[in-house]
Amino acid sequence: MHRLTILLVTLLAVTLATAAPLSLYVAPAGNDTWSGRLPAPNATRTDGPFSTITRARDELRQLRAEGKLPDGAKVILRAGTYHLTEPLVFGPQDSGTERAPITYLPFRGETVSLKGSVPVTGWQPYRDRIYQAPAPDAALAGGRFWQLYYRGTRQALARYPNFDPKHPRSGGFVYVAGVVEKGSKTLLQYNPERLDPARWSHPEEVRVHIWSWLNWNRNIVPIKQVDRDRKVIEFAQPASYMISQGNRFFVENSLEELDAPGEWYLDPRTRTLYFWPPDNTDPGDGVSVPVSPDLIRVQGEAPDRFVSHLRFERFNLSETRQGLVRMSRADHCTLAASTLTGCGGNALVLDTASHHNRITGCDIAHVGGTAITLSDERDWTHKPEGHLAYNVIDNNHVHDVGEYGDAWGAVRVDPGCGGNASHDNVISHNLVHDTPRQGISFNGMGNIVEYNHVHHTNQEQSDTGAIGMGSRDIYERGSIIRYNYVHDTGGYNMLKPGVWEYPHYCWGIYLDDYTSGVHVYGNLIVRAQRGGVMVHGGQDNLIENNIIVDSSGQQIEYAPIDSLTTGRTPGHPDTGEWLMKGTRALRNIIYYTDPKAQYVRGSKWQQMLAESNLNLIWHAGLPIAMNLAGVEDGNYWAAWQKLGFDLNSVIADPRFVDAKRDDYRLRSGSPAPRLGFKPLPYEKMGLYKSPDRASWPVADDQWREEHLRFPEGEPTTTAPAKRTQIPVVKALRRAAAPVIDGRVDAPEWDWNPANTATVAALSMDTGNGKQPSRAVVTWDAEALYVALVNQVTDSTKLVKTGGTWGADDGAELCLQDASGAKPGPTFVLQGFPSGKHQSVDHAGAPAEAVRRAGQAVTYAATIGQNQWSGEWKIPFAALDIDPAKAANLLFNIGVLKAQEREWIAWVSTGGAPWHMDLAGKLTLVP
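Residues numbered from 1 in each chain as written. Predicted model: local features only at pLDDT ≥ 70, side-chain atom pairs only at ≥ 80, totals over all residues. Heavy atoms only, no water.

**Student:** I would appreciate a short explanation of the overall build of the protein in the present structure.
**Tutor:** When you go through the protein residue by residue, the secondary structure sums to seven helices and 74 strands. Here the protein holds 926 residues, and the buried ones make up 57% of them. Of the contacts made within the protein by residues no fewer than 6 positions apart, 71% connect residues no fewer than 24 positions apart. Per element, the accessible surface of the protein, about 37200 Å² overall, is 50% carbon and sulfur. (Helix = DSSP H or I, 4+ residues; strand = E, 2+ residues; numbered from the N terminus. Buried < 20%, exposed > 50% of the residue type's maximum accessible area, 1.4 Å probe, protein only. Contact = heavy atoms within 4.5 Å. Areas by Shrake-Rupley, 256 points an atom, 1.4 Å probe, with all protein chains shown as cover.)

Laid out in structure tokens, this is it:
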């Protein structure tokens, strides 16, 4: 070949390899009939940018179809706010390629906002400081809207009680006055001194925001009717859980409740908006209402046509009815350096087998639901070759989510979604704080959660963690939680009606519901309320090389589950011995100063914990405390080592640089390295500077409320007093002992309502909630006698032989003699429909006392039509109780209805019924 020809071919190849992508421009002052090739109109205004993003998208579609986009393209938006009345939808025909991606971004140095809203104009004075205006037709075309924004900030729909800015998480509520019907999810009894539904001219329009039962999440439910005579509100649809006395709620959407700055109301009959501006000025052009369900949809097609290599960066996205960005069947797409705020639901959703996508550098706050959700929701059958998820959620700042509904986790891989979307994802370097529930919640296989900074989570709810899993599948394995900085985990919940607590019942890292095969490595966990790490029933978890500091309860908690009670998969074993084994705790630094705190807590150590060793433990020079049954104070460490644990561990000061100022680097001479402990990469935890960050530097010093502990008006300056109203069950003395045969009919047992204890719904109600249980307690000089009747949905499904606590129907009696100067042990006696019974050490009773009680108790049970009954004889002598001196017996009954998945108890303790400080009292009536 001629030398000149070779040179020309080489130059052509270089030119093609370095050719710039096509640039199209969009501007508020543009025109969709122009070419879109110019960043601004020309002098004669005959050419210039497009005016809409859809026009630019369609231009690229045409060029791509003609093969004229070999080097990709950029759609560059000029400064301004673009109001969208419907989502921007991108399909497979809008894809780029790895070498030639398609990017949408603002012009260099300019700010672009995409809003799914329309402005409201024509405001006129109504009354007082309230203004009125006609609702825009576009806003009503999609049905009723539930949000209104004033100068970019969501305002409160007219409500009672009014929003409390000093207590945004714990104030501004009324409280359920009583239970109308046990287990009901639709009937709420209100206090007429606090709430007056007679004020509402249209009660059928009013909605209730309620945190039902154990305060796990918020439901927004419409009202079906109000019975003012009975003081009962009936919901048009059920709450997630049963309604309990003391549950908090507020009502909204009544013009009569529009009585505070920032509140608004829409009258659907006259199509009129009413608004009290927070600055008490004419609203002018500052009001907008959402129209579009979301803003950006990256939407592939079934079965396997994916949208690929699209990138969106540096946008401000806000003001939609539902979410902001949704990617379905998307791969290798990116959202970067964007701000997401002000939407009614989840801000960003990746679903339907989306894989190899990246969400990076975004600021997400003040959204209705979660910030980022990954779920599968597949309806495709063909799996792309070599497909694994590998979605990356990196370097995002997330806070103040769940403001208009539930947010189980601020960043969430949906539980139970299955498939590939829940597997092999990376959640890294995010700053997550001030969330209603968990900071990062995930499930699946092979996910990595690393280098995140997560703090002040669980500001509204409890029984959760800052970082948590709850897979309910022991075969979902291989996930890693490493190098995260977790602190101040929060937790807010009701101890009893009128008394709340913060922080309460939360962990740092929470491996819930059989989560198995997780490596928890190199995390710094500080001031996690209940414990630094919790393992709830799973197996083969490795807790290694972590620093756990100052949990107020225990530093590590092992909570056994006797068997797999939910989410059964074919092939799963059904015994506790198989489930709970193989967890190890190695080379951790455990440092705590609270005299009441413990090193570890749990039971069934040999069954659950395979190894605990080479740990460095320091309790400020105090003896190491644990809850080993039958061990006295001061002897726990020796008893623990006798069980085979921590034989090579060391009790010594780890020599932190400055623990009081949260500097947990190790000084010279620390014993930790000699145990194999590796230093943690503190400098890498949390956000990092990047061209893909939406903002830098990032402030992390926002104000936080002091949670209300007595929100219904009791003094807040003193610690909560001991309970003054303790539920009491009266045990009448018998003339003759009953025959313990499991038959509990009259006249042998007196079921007069005046003499019986009715078991009230306590725990998880995912069934119909209407299968009651009732009990009678009597006594004579020799023993205590208990009869219990449990109604069930289908008695043919009861286990006829044996029984496993936590899996099968069963009941447990809890009894403690607190008459003396020092309370006696708490006995827990379990019985099953099959007639099996056992005495267990779950409440920490000494092993010998547990054994003696189990041998002395007589128990029998019978199974009838859709019910079973149990009958106990409990000799006082076996429990070391003198009935003549037993003036203060603490007592409770708990029942599991396995078919209904319902835990119930006579007295709600907020947890296991054997928490006797919150249980009831048993009075022996002569």
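Picking up where we left off.
**Student:** Explain the environment of Glu301 here, please?
**Tutor:** Residue position: Glu301 is located in the loop between β23 (296-299) and β24 (307-308). Residue class for Glu301 comes out partly exposed when judged on its relative accessible area of 35%. The sequence separation of Glu301 and Pro92 amounts to 209 residues, and the corresponding C-alpha distance is 7.3 Å. At 2.7 Å, the side chain of Glu301 forms a polar contact with the side chain of Arg305. (Polar contact = N/O pair within 3.5 Å; in protein donor to acceptor, adjacent residues only side chain to side chain.)

**Student:** Looking at this structure, I do not really get the sheet that holds strand β10 (residues 149-150). What am I missing?
**Tutor:** Strand pairing in a sheet relies on backbone hydrogen bonds. The paired strands run either parallel or antiparallel. Reading across the sheet, the four strands line up as β7-β22-β10-β11 and stay open at both edges, with antiparallel pairing between neighbours. Every other strand in the sheet has two partners, leaving β7 (117-120) and β11 (153-154) as the edge strands with one partner each. (Pairing = 2+ DSSP bridges.)

**Student:** Looking at this structure, I do not really get the packing of aromatic side chains. What am I missing?
**Tutor:** Any aromatic ring pair is given by two values, namely how distant the centres are and how the planes are angled relative to each other. Enumeration according to the criterion identifies 28 aromatic pairs in this entry. Geometrically, the ring pair formed by Phe90 and Phe312 is edge-to-face, given 5.2 Å between the ring centres and 65° between the ring planes. Taken together, the positions of Phe90 in strand β4 (residues 88-90) and Phe312 in strand β25 (residues 310-313) put the pair 222 residues apart, joining distant regions of the chain. Ring pairing ties together the aromatic residues Tyr599, Trp637, Trp640 and Phe645, which thus form one cluster. Against the face of Phe107 rests Arg78, its NZ or CZ located 4.0 Å from the ring centre. One residue, Arg159, lies across the ring of Phe250, its end atom 3.7 Å from the ring centre. (Phe/Tyr/Trp six-rings, centres within 6.5 Å; stacked < 30°, edge-to-face > 60°. Lys NZ or Arg CZ within 6 Å of the ring centre and 35° of its normal.)

**Student:** I'm lost on the sheet that holds strand β31 (residues 348-351) in this one. Help?
**Tutor:** Across the sheet, which stays open at both edges, the 12 strands sit in the order β4-β23-β27-β31-β34-β37-β40-β43-β48-β51-β54-β57 with parallel pairing between neighbours. Of all strands in the sheet, those bounded by a partner on one side alone are β4 and β57 (598-602). Direction aside, the axes of adjacent strands within the sheet are offset by 10° on average. Of the strand pairs in this sheet, strand β54 (residues 554-559) and β57 are connected by four bridges, and their pairing is parallel. Paired with Tyr558 across the strands is Gly602, a residue of β57. (Axes fitted to C-alpha atoms, helices over the stretch in contact; angles between N-to-C directions.)

**Student:** Would you take a moment to explain unusual backbone geometry for this structure?
**Tutor:** Leave glycine aside and you will find that most residues have negative phi; peptide bonds, for their part, are mostly trans. Each neighbour pair has its own omega, and for Tyr160 with Pro161 the value is -10°, a cis peptide bond. Inspection of the secondary structure puts Pro161 in the loop between β13 (159-160) and β14 (174-175). In the segment running from Ala302 into Pro303, the intervening peptide bond is cis, with an omega of 0°. Assignment of secondary structure puts Pro303 in the loop between β23 and β24. Not every positive phi belongs to a glycine, and Tyr514 is a case in point at roughly 70°. Within the secondary structure layout, Tyr514 lies in the loop between β48 (506-511) and β49 (519-521). If you check the backbone angles, Arg527 has positive phi at about 55° while not being a glycine.

**Student:** Even after reading the chapter, I still don't get the pattern of salt bridges, so can you show me in this structure?
**Tutor:** In a structure, side chains of opposite charge can pair up when their charged atoms sit close to one another. Tallied over the full model, the rule gives 39 salt bridges. In this structure, the salt-bridge partner of Glu257 is Arg199, at a minimum N-O distance of 3.2 Å. Separated by 58 residues along the polypeptide, Glu257 in the loop between β19 (248-252) and β20 (263-267) and Arg199 in the loop between β15 (187-189) and β16 (207-211) bring together distant segments of the chain. Each of the salt bridges in this network shares a partner with another, and the network as a whole consists of Arg57, Asp58, Arg61 and Asp94. (Salt bridge = Lys/Arg side-chain N within 4 Å of Asp/Glu carboxyl O.)

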